[in-house]
Structures are given as structure tokens and as C-alpha cells.
Amino acid sequence: MSTRPRPRATLLILAVLWLAVAVLAPLVGSHELRLGQVLHGDPAAVAIFWQLRLPRVLLALLAGGLLALSGLSLQTLFANDLAEPYTLGVASGASLGAALVFTLAPRGTSLGLPLASLAAFAGALLATALVMALGRGHGDGAPAAGGAGLLLAGVAVALLCQAAILLLQYVTDAAGTLRMVRWMMGGLAVVGYREPLWLLPWLLGSLVAPAARRRDRDLRLAGEEVAASRGVPGSRVRLGLLLVDSLAVA
């Protein structure tokens, strides 16, 4: 007998687990803390919990949430459960964009943001466009939803970007190579809440934009022809969601 899915209950359980991780993870580290120490106002425990560990945990949760949302959006957009930023080459394109900046202009800024972030966005977007072009179907010109062509194109683009990154690491100096490796591995060595607060608007945007197009995305899951017959602007929806996903990954 099949059981009826309960999305609200699942979301509630996930929210409780999220809060539990946010509270308990800062207690783990080289200097072990107890929740009682924090609640009773022990100065050392309070400083470690609130100023050092909690911002890093929040940063990790927000970054993971952005990647998860972009993966969900890409799976819906391409109607393929294997579609996600890494298999489609989006993450590799973002890494290549940042690697170019670390080689040519490591200290550059623009629009108040590091050039590496802007280049990562451009690289993710270009990689997505290249994957869509390579994985294009033979019918109405849309990507081959659910087919292996899209995933194979993503793997090819990812390998191409990784090869280019290795070349940049070879030709740059040791400091540039170190910056690339540390950026691609990720890091949580932050003190304070500036970085988590900076990521929060992007997370909210990644939630609002797909939610505003929920009906269109649901219709696209039924097929391009069904969505078009219901008045869904396929190319416009695809482009908008790809922009949001690329920004989230970058």
C-alpha cells in the first residue's frame, strides 16, 4: 500500500534538524563546550560560541542551502534527477572564472564586490550556456530533457574547465596557485557575521525567484509541448532560472 507524501511534515522535520545543527555544531571543536556553559554566561564559552563558531556554522548552512536550491532548480528545469551544478559543469565554470581573476587581477574589485565573485558568476553562466548548446535536442531546439546528451555535455564542459584551471595553476606563481586551491576548496575561517549576512539575500533570492515561477516549472515537468500549450514562455523562464542558479552557485 502506497503512503501519501507529506511535504509539510518533511519540511518541519528538516527545519528542526537545521536548528539542531545550528545550535549543537558550535559546541564541537578543539575546545569542547557544553551548552550549559553558554547558557550560564561563561565568558570564554560565550565568546567561542557566538563570535567564532556560530558564524562559521551559519555560513556553511547558507552556502549548502544555495547549492541545494540551485540543484533542485536545475533538476526541475531539465527534468532530470541527475542534473546539478557539478554534473552540468556549472560549478567548474564558476571555478574557472575565479581562477582567471586570481591569475590576472587577484586584488581587483568592481561594484563593491571582489572580481573573483563576478568572474565566477560569468563563468557559471557561460558554462551553462555551453552545456545547453552541446546538449540541444533535435526537435524544437530545447535541451534534451531527461536525455543523456545533457549530462554528457555537462561532464565534458566540467573536464574542459578543470583542465583550464590546471593550466592556470601551472603558469601562475605559488601564491596564485594557493589562492585558487583555497578558493575552490572553500573555507569557513571567518570571525563575525558579515559573510553570513552577505549570503542571506542571495539565499532569499534563490527561494523567491523559483517560487514565483512555480506553476511554470510544474508545467515544464510535463514536457515542453504541454508547457507551451499552457502559455509558458519557455526560453524566458529557462533564461531567468539559469541566471538565478548561476548566481547562486557562484
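Structure shown above.
Rules of the game
Residues numbered from 1 in each chain as written. Predicted model: local features only at pLDDT ≥ 70, side-chain atom pairs only at ≥ 80, totals over all residues. Heavy atoms only, no water. Core = buried A, V, L, I, M, F, W, Y, C linked by side-chain atoms within 4.5 Å. Buried < 20%, exposed > 50% of the residue type's maximum accessible area, 1.4 Å probe, protein only. Helix = DSSP H or I, 4+ residues; strand = E, 2+ residues; numbered from the N terminus. Contact = heavy atoms within 4.5 Å. Phe/Tyr/Trp six-rings, centres within 6.5 Å; stacked < 30°, edge-to-face > 60°. Lys, Arg positive; Asp, Glu negative; His and termini not counted. Salt bridge = Lys/Arg side-chain N within 4 Å of Asp/Glu carboxyl O. Axes fitted to C-alpha atoms, helices over the stretch in contact; angles between N-to-C directions. Parallel < 35°, antiparallel > 145°, perpendicular 65-115°, else oblique. Left-handed = near helix turned anticlockwise from the far one by under 90°. Nonpolar A, V, L, I, M, F, W, Y, C, P; charged D, E, K, R; others polar. Expected span 1.5 Å × (residues − 1).

A.B. asks: Is there a simple way to think about the nonpolar core in this case?
C.D. replies: It is characteristic of soluble globular proteins that their nonpolar side chains tend to be buried jointly. Leu74, Phe78, Leu88, Val90, Val131 and Leu242 are the most contacted members of the largest nonpolar core, which has 35 residues in total. Those elements that provide at least two residues to this core are α3 (43–78), α4 (90–104), α5 (115–134), α6 (148–171) and α11 (234–249). In this structure, Val131 is in contact with Leu88, Leu150, Ala153, Gly154 and Val157, ignoring residues within four places of it in sequence.

A.B. asks: Is there a simple way to explain the environment of Phe78 in this structure?
C.D. replies: With respect to the helices and strands, the residue Phe78 is situated in helix α3. Residues Phe78 and Arg217, 139 residues apart in the sequence, show an inter-C-alpha distance of 9.9 Å.

A.B. asks: Help me out: how do you make sense of the packing of aromatic side chains in this one?
C.D. replies: Each aromatic ring pair is summarised here by two numbers: the centre-to-centre distance and the angle between the ring planes. As enumerated under the stated definition, the model contains three aromatic pairs in all. Between Phe49 and Trp50, the ring centres sit 5.1 Å apart and the planes meet at 75°, which makes this aromatic pair edge-to-face. Take Phe49: its relative accessible area is 5%, and that puts it in the buried class. Between the aromatic rings of Phe102 and Trp183, the centroid separation amounts to 6.3 Å while the plane-to-plane angle is 65°, which identifies the pairing as edge-to-face.

A.B. asks: Can you help me understand the side chain of Arg53 in this one?
C.D. replies: Inspection of the secondary structure puts Arg53 in helix α3. Although Arg53 lies buried, it forms no salt bridge, and the closest oppositely charged side chain, Glu32, sits 8.7 Å away as judged by the N-O distance. Once residues within four sequence positions are removed from consideration, Arg53 is found in contact with Pro26, Leu27, Val28, Gly29, Ser30, His31, Leu33 and Ile48.

A.B. asks: Looking at this model, I keep getting lost on the packing of α3 against helix α8 (residues 194–212). Mind explaining?
C.D. replies: Between two packed helices, what matters for the description is the angle formed by their axes and the separation of those axes. Relative orientation of the contacting elements α3 and α8 amounts to 25°, with a least axis distance of 9 Å. Classed by the angle they form, the pair α3 and α8 counts as roughly parallel. The handedness of the crossing between α3 and α8 comes out as left-handed. Each of Pro55, Leu58, Leu59, Leu62, Ala63, Gly65, Leu66 and Leu69 in α3 lies in contact with α8, whose residues at this interface are Glu195, Pro196, Leu199, Leu200, Trp202, Leu203, Ser206 and Leu207. The residue inventory of the contact of α3 with α8, partitioned by class, reads 13 nonpolar, two polar and one charged.

A.B. asks: What is the right way to look at helix α7 (residues 174–185) in this model?
C.D. replies: Residues spaced three or four apart along an α-helix face the same direction, because each turn holds 3.6 residues. Between its first and last C-alpha atoms α7 spans 16 Å; for twelve residues at 1.5 Å apiece the expected length is 16 Å, and the two agree. Once α7 finishes, Gly186 follows within two positions and takes phi at roughly 85°, a positive value.

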